[in-house]
Amino acid sequence: MMTDPVADMLTRIRNALKVERMIIDIPYSRLKLGMIEVMKREGYIRRYDMVEDKPFNKIRVQLGYGPSECAIQRIRRISKPGRRCYCGPDELRPVLNGLGIRILSTNKGIISDREAKEQNVGGEVLCEIW
């Protein structure tokens, strides 16, 4: 049994970046799919596909590498099972002076901090990416 599936997903991405792997498989869940969609919208990954496999479905992610380096420099888990972190819309500050994003779980779904400010909603801060 996995205690923190989101941390597992972020660790898989972090490890793939270290060895410069282009494609990774992540066990499917709706939360992880929402986070991957936000990363795609913000330009941190190139694409993703659902892979139907037995016994569990997977999300196949193609990481975005630029001419000299990867789009993701750092990825960090904020809210953990033992310590949840919540932010209101007025408490959301830019990550790395606007170069990074936070992914939030809100009542409007999984969205980035920029979208949360536009929609004036707060929520649980899942991770930061820059």
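Here the structure is a predicted model, which is why all the values come from computation and not from measurement.

Colleague: Which parts of the structure should I look at to understand the overall build of the protein?
Modeller: Along its length, the protein carries three helices and eight strands. Going residue by residue from the N terminus, the α and β elements of the protein occur as α-β-α-β-β-β-β-β-β-α-β. Its C-alpha atoms give the protein a radius of gyration of 14 Å, within 12% of the compact-globule value 14 Å for 130 residues. For the protein, the spread of C-alpha atoms along the three principal axes comes to 40 × 35 × 25 Å. Here the contacts in the protein between residues at least 6 apart in sequence split such that 58% fall between residues at least 24 apart.

Colleague: Would you explain the pairing of strand β6 (residues 101–106) in this entry?
Modeller: With five of its six residues buried, β6 lies for the most part within the structure. Here β6 runs beside strand β8 (residues 123–129); their pairing, made up of five bridges, is antiparallel. Pairing of Leu104 across the sheet is with Val125, part of β8. In the sheet, β6 pairs with strand β7 (residues 109–112) via four bridges, with the strands oriented antiparallel. Within the sheet, the bridge partner assigned to Ile103 lies in β7 and is Ser112. The turn linking β6 back onto β7 is made up of two residues.

Colleague: Is there a simple way to think about the sheet that holds strand β3 (residues 58–63) in this case?
Modeller: Pairing in this open sheet of three strands is antiparallel, and the strands run β1-β3-β2 from one edge to the other. At either end of the open sheet lies a strand with only one pairing partner, and these are β1 (23–27) and β2 (45–51). In this sheet, neighbouring strand axes are inclined to one another by 25 degrees on average, regardless of whether the strands run parallel or antiparallel. The pairing of β1 with β3 spans five bridges and is classified as antiparallel. Within the sheet, the bridge partner assigned to Pro27 lies in β3 and is Lys58.

Colleague: Teacher, can you tell me more about the pattern of salt bridges here?
Modeller: The tally for this structure, following the rule as stated, stands at ten salt bridges. Ionic pairing is found between Arg77 and Asp4, a salt bridge with its closest N-O pair at 3.0 Å. With a gap of 73 residues between them, Arg77 in strand β4 (residues 75–77) and Asp4 in the segment before α1 (5–18) connect regions that are remote in the sequence. Given the relative accessible area of 12%, Arg77 is considered buried. Notably, a salt bridge pairs Glu115 with Arg41, separated by 3.0 Å at the nearest N-O pair. Placement of the pair is Glu115 in helix α3 (residues 113–119) and Arg41 in helix α2 (residues 30–42), with a sequence separation of 74 residues. Looking at Glu115, the relative accessible area reads 18%, which means it is buried.

What counts and how
- Residues numbered from 1 in each chain as written.
- Predicted model: local features only at pLDDT ≥ 70, side-chain atom pairs only at ≥ 80, totals over all residues.
- Heavy atoms only, no water.
- Helix = DSSP H or I, 4+ residues; strand = E, 2+ residues; numbered from the N terminus.
- Rg over C-alpha atoms; globule rule 2.2 N^0.38 Å.
- Contact = heavy atoms within 4.5 Å.
- Buried < 20%, exposed > 50% of the residue type's maximum accessible area, 1.4 Å probe, protein only.
- Pairing = 2+ DSSP bridges.
- Axes fitted to C-alpha atoms, helices over the stretch in contact; angles between N-to-C directions.
- Salt bridge = Lys/Arg side-chain N within 4 Å of Asp/Glu carboxyl O.

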